[in-house]
Amino acid sequence: MAKDEAVADAPALAVLELLAQESPPGHFQDLLQRGRRQNLPPEQLAELERATQLAMGIHASANQRRQREVVMAALVDTVHDMTTRYDPDTLLKVITSRARRLLGFDMAYISLRRSVGGSYVHSSDGDTTALNVGLVVEERHGLGEMAQDKGAPFWTADYLNDDRIPHGEGVDEVVRAEGLHAIMAVPIFQGDVPIGALYGADRVVRHFTPDEISVMRSLADFASVALEKARLLDRTRTEIAELESAGFEARGTIARMAYLNEVQSRLIAQVLDGGDLYDLAKTAADALGGTLAVGDPQGQILTSTASDAGTSGETEGLFKEALTGRAGLEARAFRGPGELAGNLWATPVTAGAEYLGVVLLKVTQPPGPEAERFFGFVGQAVGLLLVVQRSAAVAAGPVRDELFDDLLVSPLRARRQLMRRASQLGIDPEGSYVVVLARPEGGEHGKAVVWASSYAYRHSGLKTVQGGCIVLLLPGSDASAAAKAVSEELSPLLGRPLTVGASGPAGGLASVAKVYQESLRCLDALIALDGAGSAASMSDLGFLGLLLSNDHDVDGFVSSAIGPVLDHDAGGTTGLVRTVEAYFASGNSPTGAAKELHVHPNTVARRLKRITELLGPGWQKPGRAVEVQLALRVLRARDVLRRQRESHAQAGIPGK
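What counts, and where the lines are drawn
Residues numbered from 1 in each chain as written. Predicted model: local features only at pLDDT ≥ 70, side-chain atom pairs only at ≥ 80, totals over all residues. Heavy atoms only, no water. Core = buried A, V, L, I, M, F, W, Y, C linked by side-chain atoms within 4.5 Å. Buried < 20%, exposed > 50% of the residue type's maximum accessible area, 1.4 Å probe, protein only. Helix = DSSP H or I, 4+ residues; strand = E, 2+ residues; numbered from the N terminus. Contact = heavy atoms within 4.5 Å. Expected span 1.5 Å × (residues − 1). Arc of directions from axis to C-beta. Pairing = 2+ DSSP bridges. Axes fitted to C-alpha atoms, helices over the stretch in contact; angles between N-to-C directions. Salt bridge = Lys/Arg side-chain N within 4 Å of Asp/Glu carboxyl O.

Enquirer: Please set out the nonpolar core residue by residue, giving values where relevant.
Expert: Among the nonpolar cores identified, the biggest contains 28 residues, and Leu-292, Val-359, Phe-374, Val-378 and Val-382 are the most heavily contacted of them. Among the elements of the structure, helix H8 (210-272), helix H9 (277-288), strand S7 (291-295), strand S10 (344-351), strand S11 (354-362) and helix H12 (369-407) are those that each provide at least two residues to this core. Sorting elements by how many residues they give to this core places H12 first, with 9 residues. Those residues within four positions of Val-382 in sequence are excluded, and the remaining contacts are Leu-277, Leu-280, Val-294, Val-349 and Val-359. Grouped together as the second largest cluster of nonpolar side chains are 25 residues, Ala-99, Leu-102, Phe-105 and Ala-108 included.

Enquirer: Got a sec to walk through helix H6 (residues 142-150)? Specific residues and values, please.
Expert: The buried fraction of H6 amounts to 7 of the 9 residues, a majority that puts the element mostly inside the structure. If you check which residues of H6 are buried, you get Gly-142, Leu-143, Gly-144, Glu-145, Met-146, Ala-147 and Gln-148. Elements that come into contact with the buried residues of H6 comprise strand S1 (107-113), strand S2 (119-125), strand S3 (136-137), strand S4 (154-156), strand S5 (182-190) and strand S6 (193-202).

Enquirer: Any details on helix H3 (residues 25-37)? Residues and values, ideally.
Expert: Spacing of three or four residues puts side chains on the same side of an α-helix, whose turn is 3.6 residues. With 13 residues, H3 extends 19 Å between its outermost C-alpha atoms, agreeing within 8% with the 18 Å of an ideal straight helix rising 1.5 Å per residue. Three or more residues of H3 are buried, namely Phe-28, Leu-31, Leu-32, Arg-34 and Gly-35. In an axial view of H3, the angular spread of the buried residues amounts to 160°, which keeps them on one side of the axis.

Enquirer: Describe in detail the sheet that holds S7, supporting the description with residues and values.
Expert: One open sheet accounts for 5 strands, arranged S8-S7-S11-S10-S9; its pairing is antiparallel. Each end of this open sheet is capped by a strand with a single partner; those strands are strand S8 (301-304) and strand S9 (338-341). On average, each strand axis in the sheet is inclined to that of its neighbour by 30°, with strand direction left out of account.

Enquirer: Break down the sheet that holds S2 for me, citing the residues and quoting the values.
Expert: The antiparallel open sheet is built from 6 strands, whose spatial order is S3-S2-S1-S6-S5-S4. At either margin of the open sheet sits one strand with a lone partner, and together these are S3 and S4. As paired elements, S5 and S6 share 9 bridges and run antiparallel to each other. Its bridge partner being in S6, Gln-190 is matched across the sheet by Val-193.

Enquirer: Run through the side chain of Ser-519, naming residues and quoting values.
Expert: Assignment of secondary structure puts Ser-519 in helix H16 (residues 512-528). Apart from the residues lying within four places of it in its own chain, the contact partners of Ser-519 are Val-435, Leu-437, Gly-501, Ala-502 and Ser-503.

Enquirer: Break down the pattern of salt bridges for me, with residues and values.
Expert: Under the definition given, this model contains 10 salt bridges. In this structure, Arg-206 and Asp-202 form a salt bridge, with 2.4 Å as the shortest nitrogen-oxygen distance. The exposure class assigned to Arg-206 is buried, which follows from its relative accessible area of 15%. Overall, Asp-202 belongs to the buried group, its relative accessible area being 4%.

Here is the structure:
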């Protein structure tokens with residue numbers, strides 16, 4: 001049947017055929033126009049018009065349904081995109097791209113609020129200039145600010161010509177550059193708080209439908225959920241990283257605590273085994289990664305690991321300065337570890353209520369809590385060791401004192417038996433020793449005797465009491481240094497003057513009695529010379545030491561008095577010895593010495609300056625001058641005797 005015949009015979013059926021074929025709307029209009037041209041009866045024409053109207057409605061509904069299906073499918077895809085593990089920046093770009101394609105916008109973009117007010121364009125899709133992304137939108141300007149303030153979508157068919165909108169210069173410039181007209185803005189929320197806006201824009205005048213606005217709101221809601229998810233995911237990742245870091249630190253702390261606990265056990269074992277104070281300090285210093293020193297209540301260093309460090313002199317000086325300051329008082333006030341200054345820490349050494357000293361620790365970094373607790377334990381371990389040493393010294397005191405008393409008897413009785421007893425007590429029979437005599441000036445000696453027992457034990461020596469004097473036998477060869485050390489430690493403890501005399505070294509225990517007698521003479525000489533309260537050795541007494549000593553070490557005396565001058569002349573540059581002799585012979589007159597030597601006074605002045613550099617600035621003072629002159633006389637006498645022996649030998653006269 002031809003189309004015209006179908007219109008004439010059954011107009012409604014012709015419309016149904018077009019509808020079944022899903023013909024475009026134009027075909028329905030063509031069919032209606034043909035019916036009108038055929039001059040159909042009014043009833044048929046009315047039927048055709050009604051059928052066409054209904055068909056157009058059905059067609060529009062079908063198209064709308066299909067469009068909604070497309071939109072729903074796109075929204076489902078968008079939701080799927082939201083579940084993908086995007087970072088926030090990428091996610092915002094996906095949303096702008098999806099909005100532009102879904103609703104056929106020429107351009108879509110997202111703005112986010114700033115903490116200081118206003119907002120900025122974060123991401124954009126479809127833009128043709130570089131002006132949009134990063135654009136700062138001032139507060140209360142533009143559609144986005146309106147949408148966020150009201151919490152509802154805002155749109156305009158022609159942005160630049162819409163007076164309802166509070167325009168901003170920067171936004172208007174971008175709109176002109178992009179050629180935009182229709183713009184829609186939908187707020188993005190986080191909870192109840194707006195955090196930004198989603199925009200859709202066209203470069204032509206356009207009126208947005210409710211469906212389009214609804215779709216934009218859905219996209220904005222998806223963006224809000226996705227951003228919240230991304231934020232939570234980032235926070236979760238951060239928390240996981242923090243937990244992993246905390247776990248790593250906890251494992252490190254546990255390992256550190258286990259190590260320090262193991263070191264604590266070693267320290268206890270060292271104390272119980274009667275270990276040395278230095279070994280205990282060294283073990284603790286290695287565990288703490290620093291330098292450690294132990295000081296007594298009088299501010300003297302008992303032991304230090306500073307010699308193991310690269311800056312031993314500087315660290316040792318720091319320890320001494322702290323001990324002579326308020327380190328002890330502050331440590332006692334701490335009642336535990338505390339920082340003095342500049343990564344220098346202190347902890348008290350106590351035994352019950354008795355204060356025994358302080359432990360100092362120099363580190364490059366402040367110790368952690370576990371290291372700080374360990375440092376406090378070190379103070380306790382040191383206190384325990386000092387108490388053990390003191391108890392051991394008291395327990396072994398009678399046996400050791402008896403041995404020392406026997407060594408002081410001259411000549412020795414049962415020498416071989418004495419040497420064997422010494423070895424059993426850990427005293428080397430062939431070692432080098434000095435003898436130190438200390439006489440407290442007035443008062444009770446009990447406190448000094450107790451101290452001497454501990455001091456001798458700490459230094460692997462012996463102690464006894466003879467004639468009201470404390471006698472110490474100490475390993476070493478420097479009697480002068482030993483005398484000063486005893487004086488510096490014991491005198492503050494007693495709180496009164498202490499006279500200390502020393503002599504040595506003794507080459508083995510068999511020589512101790514002889515050195516002891518010299519120490520007695522040294523002590524007597526100090527008292528006779530009004531030197532009570534001072535400390536000195538035989539070598540410190542100069543020519544008096546030469547006269548009082550048993551061996552009369554003439555060479556040693558001459559060397560100590562004018563040795564540097566003799567060495568200078570022996571090097572090939574002669575004249576200093578003769579200059580000193582002429583200087584004293586002329587009554588300390590440089591001019592008189594110049595006449596005696598037949599040289600210019602300036603020459604004598606230069607030589608005297610050189611002599612001062614060699615002997616020190618005090619060589620012309622009365623005490624030193626006597627020693628220098630005596631040494632010159634001894635030297636001259638020995639030279640005369642030498643020439644006499646040579647003359648007798650040449651003449652064939654036998655020597656004496």
